[in-house]
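Coordinate analysis (summary)
Here's the letter readout for the chains.
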Amino acid sequence: MHAWLDTLLQGLMTGGLYALFATGLALSFGVMRMINIAHGDFAILAAFLAVAVAAALELNPFAAMLLVVPAMAALGYGLQRLVLNRTLGKDILPPLLVTFGCAIVIQNLLLEVFSADTRSLDAGSLGTDSLALGGGLAVGVLPLLIMGSAVAVLAALQWLFARSAVGRAFRAASDDAETAQLMGIDNKHVYGLAMAIAMAVVAVAGIYLAIRANVSPTEGPARLIYAFEAVIIGGLGSLWGTLAGGIVLGMAQAIGLRFDPGWGILAGHLAFLAVLVLRPNGLFPRTRDA
Amino acid sequence: MPEAAIVAARFDVERGTRASRVAAGLGLLLLVAAVAMPWWGERAGQRLLTEFLYTLALAQMWNLLAGYGGLLSVGQQAFVGLGGYSLVAFGLHAGIDTFLVVPLAGLVAGLVAVPTAAVVFRLRGAYFAVGTWAVAEVFRLLIANSVSLGGGSGLSVTQTVRGMPIWWRESLTLWCAAALGVGATLGVYWLLRSRHGLALTAVRDSEAAAASLGVSVRRIKWCVYIAAAVGCGMAGALIFITKLRISPDAAFSLDWTVVMFFVVVIGGIGTVEGPIVGTLVYFALREVLSDYGSRYLIALGVVAVLFMLWMPRGLWGFVAARCELRFFPVQRRLKLATETQP
């Protein structure tokens, strides 16, 4: 019983990281109606940038994060304005194919620069400290921090969408791009901002991943798939749903892992397929047009 | 009805072009030369041709899916891998003749595609893309966890061709590859010229309009998905006959889909000629850049992105739009008898 509680707790905490990965994906789909196939690769790119920055300037991972996250946001804005906006339209193929191409480029660029070795960021004792919860259960400080960040990011986005002018522009551009433009909203700029936020959040996720574990240059696609599964499990268009989806995925993986080391990731995929078959709109659906 | 007779006398529906007749003759000559290669070619060239032909088969399947069916699959490696592992199950364990496994692998892939379609067809567009990918990962992990199929580290399938003279093995491989490459091209061409092809192109251009004219969009997409699975499954079995070693990571590698994607985007998505042109360009680039390791893949990625941005219909789309050149004409053109030749 105790072991199972522990398993579920670890799964729950992993869910926070998956939610961070998934948020950017949900955001770019919500606003631009596009999926960035290179989403996971951008997270890994951010992680490797943080590794390089931390090593070059002898910074701790969190200071490196402060430098890398704005850089990734700027990259996201530039990518959207210069490349991705040109591909948006009725046809869903061009943005998918272009970002697929980006994914291939990023992976091989990382392999070329950093070789195939895995890297990680050393956060000192923070990486290993844990809090006792009583009853013999303990939770790591780092996973708790990641979960806290995920909740904070989602709350901030919720506020942004509901209360701010930028959020109104996001919703307007998402609902009806042409009418939004007639109302004086610069869609191209709005899309750029949305991609900047998506990229900043996924950069945070990538850097946390590198603090928690070793990352390799070819890990991006796997991260994209988990993020995507979290979005679908949670329900399209639902911000808090991505957190729920991430938690379901994390728990499924933790449970599978307890049975057999080879089954962890598989159990996550199977949970995703089960949701797809039983509740194709996810657990907390908001939009119905996808 | 006399009017109908008059109208019928005054127009003609043209389905071929002079280019298509020249191409058919030329293609036949090339095919004969390719099939006869074991008697005149050297072994390295023969292997390259084999690879060319199965790559063409894969590209045609992906073109059918993405270019005509509007089904952007990033998970075709699922069926390549299943084809490869059919070789282990039927060739290695059941002792069925290696080259008979190739059609059998197509059958297996097709059968597995039925429940797979039921799941992934719940997703649309971009979500379908990543969904197919997740399914491919499921297959990879299931096979990596099954000890009898070699587990995660894979196994050698050399046993399946032991005792076969090398000349025969390589010739049969080439002929199988030729059957797949040419079969996939002609199969897609035939499909597009048929009634179903008309429905398929209508679906590609506008799903809503096609549905309003009575086309069952869902069924036609389903058929395309199954057909592409069969094609990729057969190619997968053949690929691992040439490689003689299989592992889940190699069989279910995303690289298979990356190659299909690259070839089709460069050549021209949504044309029958495109994959042929794309495969030629892909092999040329690979020969030129092969010394550069991962930089070669970076170049491929950049080239594909540039094409998508500035030449979204690919090389063939670019040429065909300017020269009215069509080697595989799929459209019906009305020629009026009174029309003067331009």
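Residues numbered from 1 in each chain as written. Chains lettered and ligands numbered in written order. Predicted model: local features only at pLDDT ≥ 70, side-chain atom pairs only at ≥ 80, totals over all residues.

With respect to the overall build of chain B
Counting its regular elements, chain B contains 16 helices and four strands. Here the C-alpha atoms of chain B give a radius of gyration of 21 Å, agreeing with the 20 Å that 2.2 N^0.38 yields for 342 residues. With respect to the principal axes defined by its C-alpha atoms, chain B has extents near 70 × 50 × 45 Å. Residues counted as buried form 45% of the 342 residues belonging to chain B. Long-range pairs, those at least 24 residues apart, make up 79% of the contacts in chain B with a sequence separation of at least 6. (Helix = DSSP H or I, 4+ residues; strand = E, 2+ residues; numbered from the N terminus. Rg over C-alpha atoms; globule rule 2.2 N^0.38 Å. Buried ≥ 20, exposed ≤ 12 C-beta atoms within 10 Å, placed from the backbone. Contact = placed C-beta atoms within 7 Å.)

Considerations on the overall build of chain A
Broken down by element type, chain A carries 11 helices and two strands. In chain A, the succession of helices and strands from N to C terminus is α-α-α-α-β-β-α-α-α-α-α-α-α. For chain A, the C-alpha radius of gyration of 19 Å lies close to 19 Å, the compact-globule estimate for 290 residues. For chain A, the spread of C-alpha atoms along the three principal axes comes to 60 × 50 × 35 Å. Residue burial in chain A is summarised as follows: out of 290 residues, 53% are buried.

Focus: the nonpolar core
Formed by 215 residues in total, the largest nonpolar core has its most connected members in A46(A), A50(A) and I207(A). Per-element tally for this core: the top contributor is helix α8 (residues 187-212) of chain A, with 20 residues. (Core = buried A, V, L, I, M, F, W, Y, C linked by C-beta atoms within 7 Å.)

Quick look at the interface of chain A and chain B
Across the contact, 37 residues belong to chain A and 34 residues belong to chain B. Those elements that place two or more of their residues in the side of chain A that touches chain B are α3 (61-87), α4 (93-114), α9 (220-234) and α11 (264-278) of chain A. The element contributing the most residues to the side of chain A that touches chain B is α4(A), with 14 residues. For the side of chain A that touches chain B, the residue count by class is 29 nonpolar, five polar and three charged. (Nonpolar A, V, L, I, M, F, W, Y, C, P; charged D, E, K, R; others polar.)

Thoughts on the confidence of the model for chain B
All names here are of chain B. Here chain B averages 86 in pLDDT, and 94% of its residues register 70 or above. Within the model, the stretch residues 4-8 combines pLDDT values under 50 with zero contacts to residues more than four positions away or in other chains. Interface confidence in the predicted complex, given as ipTM, is 0.85; pTM for the same model is 0.87. (pLDDT = per-residue confidence, 0-100.)

Points about the packing of helix α6 (residues 98-120) of chain B against helix α7 (residues 125-144) of chain B
For any two helices packed against each other, the geometry is given by the interaxial angle and the distance between the axes. Residues and elements named next belong to chain B. Viewed as axis vectors pointing N to C, α6 and α7 meet at an angle of 140 degrees, and their least axial separation amounts to 10 Å. The pairing of α6 with α7 is recorded here as oblique in orientation. Pair α6 / α7 crosses with right-handed handedness. Side by side, α6 and α7 meet where T116, V119 and V120 of the first sit next to F128, G131, T132 and V135 of the second. In the contact of α6 with α7, the residues fall into four nonpolar, three polar and no charged. (Axes fitted to C-alpha atoms, helices over the stretch in contact; angles between N-to-C directions. Parallel < 35°, antiparallel > 145°, perpendicular 65-115°, else oblique. Left-handed = near helix turned anticlockwise from the far one by under 90°.)

A look at the pairing of strand β1 (residues 130-134) of chain A
All names here are of chain A. Within β1, only zero of the five residues are buried, which leaves the element largely exposed. Sheet analysis places β1 next to strand β2 (residues 137-140), joined by four bridges and oriented antiparallel. Paired with A132 across the bridge in β2 is A138. (Pairing = 2+ DSSP bridges.)

As for the environment of A103(A)
Residue and element names in this part refer to chain A. Turning to its location among the elements, A103 is positioned in helix α4. The exposure class of A103 is buried, given the 24 C-beta atoms found within 10 Å. Each C-alpha atom of the pair A103 and L20 lies 19 Å from the other, and the pair is 83 residues apart in sequence. With near-sequence residues (within four places) excluded, A103 lies in contact with I37, A38, D41 and G220.

Thoughts on helix α16 (residues 314-323) of chain B
All names here are of chain B. The set of residues buried in α16 consists of G314, L315 and W316. Looking at the buried positions of α16, the neighbouring elements they touch are α13 (255-267), α14 (273-289) and α15 (294-310). Following α16 by one or two positions, E324 adopts a phi angle in the positive range, close to 55 degrees.

Observations regarding α7(B)
Relative to the 28 Å expected for 20 residues at 1.5 Å per residue, α7(B) spans 29 Å between its end C-alpha atoms, a close match to the ideal helical length. Extensive coverage of α7(B) is indicated by the burial of 18 of its 20 residues. (Expected span 1.5 Å × (residues − 1).)

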